[in-house]
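Structural overview for review
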Amino acid sequence: MERKIRVLVAKPGLDGHDRGAKIVARALRNAGMEVIYTGLHQTADMIVETAVQEDVDVIGLSLLSGAHMTLFRDITKLLKDKDMRDVLVVGGGVIPEEDVPVLKKAGVAGVFGPGTRTEDIVDFIRKNVKP
(Lines give C-alpha, C1' and ligand atoms only; values in the text may rest on other atoms or scores of the structure.)
Protein backbone atom coordinates (compact mmCIF):
# COMPACT_ATOMS: atom_id res chain seq x y z
CA MET A 1 0.00 0.00 0.00
CA GLU A 2 1.31 3.43 -0.98
CA ARG A 3 2.02 5.94 1.79
CA LYS A 4 -0.43 8.83 1.99
CA ILE A 5 0.77 12.33 1.22
CA ARG A 6 1.26 14.18 4.53
CA VAL A 7 0.27 17.85 4.47
CA LEU A 8 0.76 20.49 7.14
CA VAL A 9 -1.79 23.30 6.81
CA ALA A 10 -0.58 26.37 8.69
CA LYS A 11 -1.75 29.89 9.46
CA PRO A 12 1.38 32.03 9.95
CA GLY A 13 1.38 35.41 11.62
CA LEU A 14 -1.43 37.35 13.21
CA ASP A 15 -4.11 36.48 10.66
CA GLY A 16 -7.21 35.42 12.59
CA HIS A 17 -9.36 34.07 9.77
CA ASP A 18 -9.03 30.35 9.08
CA ARG A 19 -12.18 29.32 7.25
CA GLY A 20 -10.37 28.90 3.92
CA ALA A 21 -7.57 26.89 5.52
CA LYS A 22 -10.11 24.56 7.11
CA ILE A 23 -11.94 24.11 3.80
CA VAL A 24 -8.68 23.23 2.04
CA ALA A 25 -7.67 20.89 4.87
CA ARG A 26 -11.00 19.07 4.57
CA ALA A 27 -10.66 18.78 0.79
CA LEU A 28 -7.15 17.33 1.13
CA ARG A 29 -8.39 14.80 3.72
CA ASN A 30 -11.30 13.86 1.47
CA ALA A 31 -8.75 13.30 -1.32
CA GLY A 32 -6.98 10.73 0.86
CA MET A 33 -4.14 12.83 2.24
CA GLU A 34 -3.12 12.99 5.89
CA VAL A 35 -3.56 16.54 7.13
CA ILE A 36 -2.15 18.22 10.22
CA TYR A 37 -3.66 21.64 10.95
CA THR A 38 -1.59 23.92 13.19
CA GLY A 39 -4.26 26.43 14.12
CA LEU A 40 -3.92 30.20 14.18
CA HIS A 41 -1.01 32.53 14.99
CA GLN A 42 1.93 30.28 14.14
CA THR A 43 5.47 31.60 13.79
CA ALA A 44 7.71 30.50 10.94
CA ASP A 45 9.83 28.55 13.46
CA MET A 46 6.77 26.77 14.87
CA ILE A 47 5.58 25.78 11.39
CA VAL A 48 8.94 24.40 10.29
CA GLU A 49 9.46 22.57 13.60
CA THR A 50 6.04 20.93 13.23
CA ALA A 51 6.92 19.98 9.64
CA VAL A 52 10.08 18.29 10.90
CA GLN A 53 8.30 16.48 13.73
CA GLU A 54 5.43 15.32 11.54
CA ASP A 55 7.67 14.37 8.57
CA VAL A 56 5.39 16.12 6.09
CA ASP A 57 5.62 16.13 2.31
CA VAL A 58 3.80 19.44 1.87
CA ILE A 59 3.32 22.67 3.79
CA GLY A 60 0.21 24.62 2.85
CA LEU A 61 0.29 28.20 4.08
CA SER A 62 -2.81 30.37 4.32
CA LEU A 63 -2.51 34.09 4.87
CA LEU A 64 -4.89 37.00 4.49
CA SER A 65 -3.08 39.68 6.50
CA GLY A 66 -0.76 40.88 3.73
CA ALA A 67 2.45 39.64 5.39
CA HIS A 68 2.95 36.82 2.87
CA MET A 69 6.13 38.29 1.38
CA THR A 70 7.90 38.12 4.74
CA LEU A 71 6.32 35.06 6.34
CA PHE A 72 6.32 32.74 3.32
CA ARG A 73 9.96 33.60 2.56
CA ASP A 74 10.92 33.10 6.23
CA ILE A 75 9.43 29.61 6.11
CA THR A 76 11.11 28.62 2.85
CA LYS A 77 14.45 29.91 4.18
CA LEU A 78 14.09 27.90 7.40
CA LEU A 79 13.29 24.79 5.35
CA LYS A 80 16.44 25.31 3.27
CA ASP A 81 18.48 25.88 6.43
CA LYS A 82 17.21 22.54 7.76
CA ASP A 83 17.98 20.84 4.43
CA MET A 84 14.29 20.13 3.84
CA ARG A 85 14.26 21.14 0.19
CA ASP A 86 12.09 18.16 -0.68
CA VAL A 87 9.08 19.61 1.16
CA LEU A 88 6.61 21.15 -1.30
CA VAL A 89 5.44 24.58 -0.14
CA VAL A 90 2.18 26.04 -1.40
CA GLY A 91 0.37 29.17 -0.32
CA GLY A 92 -3.03 30.68 -0.50
CA GLY A 93 -4.98 33.71 0.52
CA VAL A 94 -5.22 37.25 -0.73
CA ILE A 95 -1.93 37.54 -2.59
CA PRO A 96 -1.45 40.12 -5.35
CA GLU A 97 -0.47 38.66 -8.73
CA GLU A 98 2.70 40.77 -8.84
CA ASP A 99 3.94 39.01 -5.66
CA VAL A 100 3.56 35.49 -7.06
CA PRO A 101 6.82 35.40 -9.12
CA VAL A 102 8.81 36.62 -6.11
CA LEU A 103 7.25 33.97 -3.87
CA LYS A 104 7.94 31.26 -6.45
CA LYS A 105 11.56 32.37 -6.71
CA ALA A 106 11.75 32.08 -2.90
CA GLY A 107 10.54 28.47 -3.05
CA VAL A 108 6.75 28.60 -2.90
CA ALA A 109 5.76 26.13 -5.62
CA GLY A 110 2.14 27.15 -6.03
CA VAL A 111 0.01 30.13 -5.03
CA PHE A 112 -3.77 29.82 -4.92
CA GLY A 113 -6.04 32.83 -4.55
CA PRO A 114 -9.67 33.21 -3.57
CA GLY A 115 -12.00 31.17 -5.74
CA THR A 116 -9.47 28.46 -6.56
CA ARG A 117 -11.22 25.11 -6.82
CA THR A 118 -10.09 22.70 -4.12
CA GLU A 119 -9.74 20.04 -6.82
CA ASP A 120 -7.09 22.20 -8.48
CA ILE A 121 -5.13 22.36 -5.22
CA VAL A 122 -5.37 18.59 -4.76
CA ASP A 123 -4.22 17.99 -8.34
CA PHE A 124 -1.31 20.41 -7.98
CA ILE A 125 -0.09 18.70 -4.83
CA ARG A 126 -0.39 15.23 -6.33
CA LYS A 127 1.54 16.27 -9.44
CA ASN A 128 4.27 18.20 -7.63
CA VAL A 129 4.94 16.38 -4.36
CA LYS A 130 8.34 14.72 -4.33
CA PRO A 131 8.29 10.93 -3.97
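A brief report on the enclosed structure follows. (Residues numbered from 1 in each chain as written. Predicted model: local features only at pLDDT ≥ 70, side-chain atom pairs only at ≥ 80, totals over all residues. Heavy atoms only, no water.)

**Thoughts on the side chain of histidine 68**
Relative to the helices and strands, histidine 68 is located in helix H3 (residues 68-81). Take histidine 68: its relative accessible area is 4%, and that puts it in the buried class. Contact partners of histidine 68, with chain neighbours within four places excluded, come to Leu63, Arg73, Val94, Ile95, Pro96, Asp99 and Leu103. (Helix = DSSP H or I, 4+ residues; strand = E, 2+ residues; numbered from the N terminus. Buried < 20%, exposed > 50% of the residue type's maximum accessible area, 1.4 Å probe, protein only. Contact = heavy atoms within 4.5 Å.)

**A short note on the pattern of salt bridges**
In this structure the tally under the stated criterion is nine salt bridges. The partner of lysine 11 in a salt bridge is aspartate 15, with the nearest N and O atoms 2.9 Å apart. Across this residue pair, the class does not change: lysine 11 and aspartate 15 are buried. Where aspartate 83 meets arginine 85, a salt bridge forms, and the shortest distance between an N and an O atom there is 3.1 Å. Arginine 85 matches aspartate 83 in its accessibility class, with the two residues each being exposed. Residues joined by salt bridges that share partners form a network here, namely Arg6, Glu34 and Glu54. (Salt bridge = Lys/Arg side-chain N within 4 Å of Asp/Glu carboxyl O.)

**Considering the layout of surface pockets**
Each pocket or cavity is described by its volume, and for the largest pocket that value is around 440 Å³. Considering the residues around the largest pocket, the lining is formed by 28 residues, among which Gly20, Ala21, Val24, Gly92 and Gly93 are closest to the centre. Those elements that place two or more of their residues in the lining of the largest pocket are strand S1 (6-10), helix H1 (19-30), strand S3 (58-63), strand S4 (88-93) and helix H5 (118-128). Per element, the largest residue contribution to the lining of the largest pocket is six residues, and it comes from H1. Considered class by class, the residues forming the lining of the largest pocket number 14 nonpolar, eleven polar and three charged. Roughly 240 Å³ of volume is contained in the second largest pocket. Looking at side-chain class alone, the lining of the second largest pocket contains five nonpolar, one polar and six charged residues. (1 Å grid on protein atoms, 1.4 Å probe; cavity = no way out; pocket = protein on both sides within 12 Å on 5 of 7 lines; lining within 4 Å. Points joined across faces, edges and corners; volume = space filled by probe spheres on them. Nonpolar A, V, L, I, M, F, W, Y, C, P; charged D, E, K, R; others polar.)

**What about the sheet that holds strand S5 (residues 110-112)?**
Across the sheet, five strands lie side by side as S2-S1-S3-S4-S5; this open sheet has parallel pairing. Two strands close off the open sheet at either side, each with one partner strand: strand S2 (34-37) and S5. Going across the sheet, the axis of each strand differs from the next one's by a mean of 20°, ignoring polarity. Of the pairings in the sheet, the one linking S3 to S4 comprises six bridges and is parallel in character. Along S4, the bridge assignment pairs serine 62 with glycine 92. (Pairing = 2+ DSSP bridges. Axes fitted to C-alpha atoms, helices over the stretch in contact; angles between N-to-C directions.)

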